[in-house]
Amino acid sequence: MRCAYHAAGVCRSCTHLGEPYLGQLAAKDAHARALLSKVPSASGAVWHDPVASPEQGFRNKAKMVVAGTVDAPTLGILDEAGRGVDLQGCGLHEEPLRAALPAVAAAITAARLTPYDVPSRRGELKHVLLTLSPDGELMARFVLRSTEAVPRLRKHLPALMAALPGLRVVTANVQPEHKAVLEGPEEIVLTPDDSLRMRVGSLDLHLRPQSFFQTNTAIAQALYAQGAAWVDASAPRSVWDLYCGVGGFALHVAAPGRDVLGIELSAEAIGSARRTAAEAGLDVRFEVGDATAFALGADSAPDLVIVNPPRRGIGADVASWLERSGVRDVVYSSCNAVSLARDLAAMPNLRVAEARVLDMFPQTAHYEVITRLTRG
């Protein structure tokens with residue numbers, strides 16, 4: 001992959017850019033194997049071939065910092081001095097995302113959405129967050145300092161939607177604090193639609209504005225398929241999907257006679273998951289709650305547990321509960337093999353039977369690794 005921004009030294013986010021892709025993939029696979037080789041319960045694991053991603057044009061999300069001026073906004077990142085670096089042509093984004101960004105920049109100017117200046121703490125618009133569905137539809141979220149500019153954004157919304165026919169969901173998110181936080185708690189939906197359909201395999205997963213979805217749709221599909229295959233091979237009667245997000249794993253493992261429950265702290269994500277389940281006719285229950293508190297407070301345990309936690313991992317409390325719970329099988333999907341290895345070491349009676357690396361983040365050192373654990 002060639003990148004003019006990297007060559008010019010204005011963006012170094014892709015730390016492995018320039019390295020042959022197959023070498024990157026092999027290095028990630030070797031890194032995961034080396035970390036898990038230090039865990040006794042993983043010594044006999046069967047490692048499947050890693051799953052490759054497209055080298056570029058794979059990101060379904062564009063998280064752009066807005067800077068510059070209202071007449072010449074930059075969409076990208078900030079340099080060390082807090083000035084905007086425009087990255088509208090970033091090759092990691094899927095092509096329709098790149099194509100949409102000039103229209104978004106024009107809408108910022110038309111609506112007089114003054115970019116937020118970090119050094120002076122002045123301005124209104126902090127970020128623009130775009131998400132692309134596999135069907136080419138878009139969600140655009142404008143992260144504002146206050147609601148002051150919302151009427152102007154609403155006024156110029158028809159022109160933006162005319163410029164981007166695939167635009168389905170537009171919101172104003174309010175983040176008033178001066179700190180490195182991507183978004184705030186308040187979301188104002190400006191369109192009739194409040195959910196983006198993310199088609200993954202045979203399912204249309206609903207994605208509401210503050211819901212998490214994997215960055216790489218092709219790898220997300222492979223991840224869910226691998227997890228579902230392992231769950232089906234275990235033939236559990238009951239499954240818990242902790243940290244379920246919009247229900248990707250839980251919905252993919254639904255089956256007649258199987259009791260599936262998803263737990264997630266985000267109410268927006270649970271709303272998305274419930275909507276998908278209802279439309280697909282799947283008998284899956286979803287509840288808002290903290291995964292750790294739910295597990296520790298449960299009176300009984302299911303046959304199988306799926307965990308897909310943040311980078312910090314499941315932590316000592318959930319690992320200890322899984323170790324003593326009697327749960328027969330676990331599918332653990334991790335975006336951080338270091339925390340995964342730590343958690344596995346805390347569950348010695350859950351043996352790692354199979355493992356696989358999936359390259360969710362090409363051109364960087366990050367990747368996803370999924371493991372199947374079984375008791376004994």
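Residues numbered from 1 in each chain as written. Predicted model: local features only at pLDDT ≥ 70, side-chain atom pairs only at ≥ 80, totals over all residues. Heavy atoms only, no water.

- The protein has the name 23S rRNA (Uracil(747)-C(5))-methyltransferase RlmC in an unreviewed UniProt entry, where Sanguibacter hominis ATCC BAA-789 is given as its organism.

**Some thoughts on the packing of helix α3 (residues 95–110) against helix α4 (residues 150–163)**
Next, step 1: Following both chains from N to C, one finds α3 and α4 inclined at 165°, their axes separated by 10 Å at the closest point. Looking at the two axes, α3 sits roughly antiparallel to α4. Considering only the axes of α3 and α4, their crossing is right-handed. Contact residues: α3 offers Ala103, Val104, Ala107 and Ala110, while α4 offers His156, Leu160 and Ala163.
Next, step 2: Class assignment for the residues of the contact of α3 with α4 results in 6 nonpolar, 1 polar and no charged. (Axes fitted to C-alpha atoms, helices over the stretch in contact; angles between N-to-C directions. Helix = DSSP H or I, 4+ residues; strand = E, 2+ residues; numbered from the N terminus. Parallel < 35°, antiparallel > 145°, perpendicular 65-115°, else oblique. Left-handed = near helix turned anticlockwise from the far one by under 90°. Contact = heavy atoms within 4.5 Å. Nonpolar A, V, L, I, M, F, W, Y, C, P; charged D, E, K, R; others polar.)

**Focus: the UniProt feature "active site" (unreviewed entry) in the protein**
Next, step 1: As recorded in UniProt, the feature "active site" (unreviewed entry) lies at Cys335.
Next, step 2: If you trace the backbone, Cys335 turns up in the loop between β15 (329–334) and α10 (337–345).
Next, step 3: When near neighbours in sequence (up to four residues on either side) are disregarded, Cys335 contacts Pro309, Pro310, Arg311, Tyr367 and Glu368. (UniProt positions renumbered as here; feature names shortened; annotations may be inferred.)

**Comments concerning the state of the cysteines**
Next, step 1: In the structure shown here, the tally under the stated rule is 0 disulfides.
Next, step 2: Cys14 forms no disulfide, and the closest cysteine sulfur to it belongs to Cys90, at a distance of 6.2 Å.
Next, step 3: Lacking any disulfide linkage, Cys335 is separated from the closest cysteine sulfur, that of Cys244, by 16 Å. (Disulfide = S-S within 2.5 Å.)

**Comments concerning the UniProt feature "binding site: S-adenosyl-L-methionine" (unreviewed entry) in the protein**
Next, step 1: Here the UniProt feature "binding site: S-adenosyl-L-methionine" (unreviewed entry) sits at Gln214, Tyr243, Glu264 and Asn308.
Next, step 2: By the secondary structure assignment, Tyr243 is in the loop between β11 (238–242) and α6 (248–252).
Next, step 3: If near-sequence neighbours (up to four positions away) are discounted, Asn308 is found in contact with Gln214, Leu242, Tyr243, Phe249, Ser333 and Glu368.

**A look at the pattern of salt bridges**
Next, step 1: What the rule picks out here adds up to 23 salt bridges.
Next, step 2: Its salt-bridge partner being Lys179, residue Glu177 comes within 3.5 Å of it at the nearest N-O pair.
Next, step 3: Take Glu177: its relative accessible area is 44%, and that puts it in the partly exposed class.
Next, step 4: Assessed through its relative accessible area of 48%, Lys179 is described here as partly exposed.
Next, step 5: In this structure, the salt-bridge partner of Arg275 is Asp194, at a minimum N-O distance of 3.1 Å. With Arg275 in helix α7 (residues 267–280) and Asp194 in the loop between β8 (186–189) and β9 (196–200), this pair connects stretches of sequence that are 81 residues apart.
Next, step 6: Exposure remark for Arg275: the relative accessible area of 35% places this residue in the partly exposed category.
Next, step 7: Asp194 gets classed as partly exposed once you look at its relative accessible area, which sits at 25%.
Next, step 8: Here the residues in one salt-bridge network are Asp194, Arg197, Asp204, Arg208, Glu268, Arg275 and Glu279, joined through shared partners. (Salt bridge = Lys/Arg side-chain N within 4 Å of Asp/Glu carboxyl O. Buried < 20%, exposed > 50% of the residue type's maximum accessible area, 1.4 Å probe, protein only.)

**Focus: the packing of aromatic side chains**
How two aromatic rings sit relative to each other is given by the distance of their centres and the angle of their planes.
Next, step 1: Taken as a whole and judged by the stated rule, the model has 3 aromatic pairs.
Next, step 2: With a centroid separation of 4.9 Å and 65° between ring planes, the pair formed by Trp240 and Phe294 is classed as edge-to-face. Placement of Trp240 in strand β11 and of Phe294 in helix α8 (residues 291–297) is noted, with a sequence separation of 54 residues between them.
Next, step 3: Given a relative accessible area of 10%, Trp240 falls into the buried group. (Phe/Tyr/Trp six-rings, centres within 6.5 Å; stacked < 30°, edge-to-face > 60°.)

**Observations concerning the pairing of strand β17 (residues 368–375)**
Next, step 1: Burial analysis of β17 places 7 of its 8 residues in the buried class, which makes it a mostly covered element.
Next, step 2: Pairing between β15 and β17: 6 bridges, direction antiparallel. Across the sheet, the residue bridging to Ser333 is Ile370, located in β17.
Next, step 3: Taken together, the 8 bridges between strand β16 (residues 350–358) and β17 define a ladder with antiparallel strand orientation. Looking at the pairing, Arg356 lines up with Ile370 of β17. (Pairing = 2+ DSSP bridges.)

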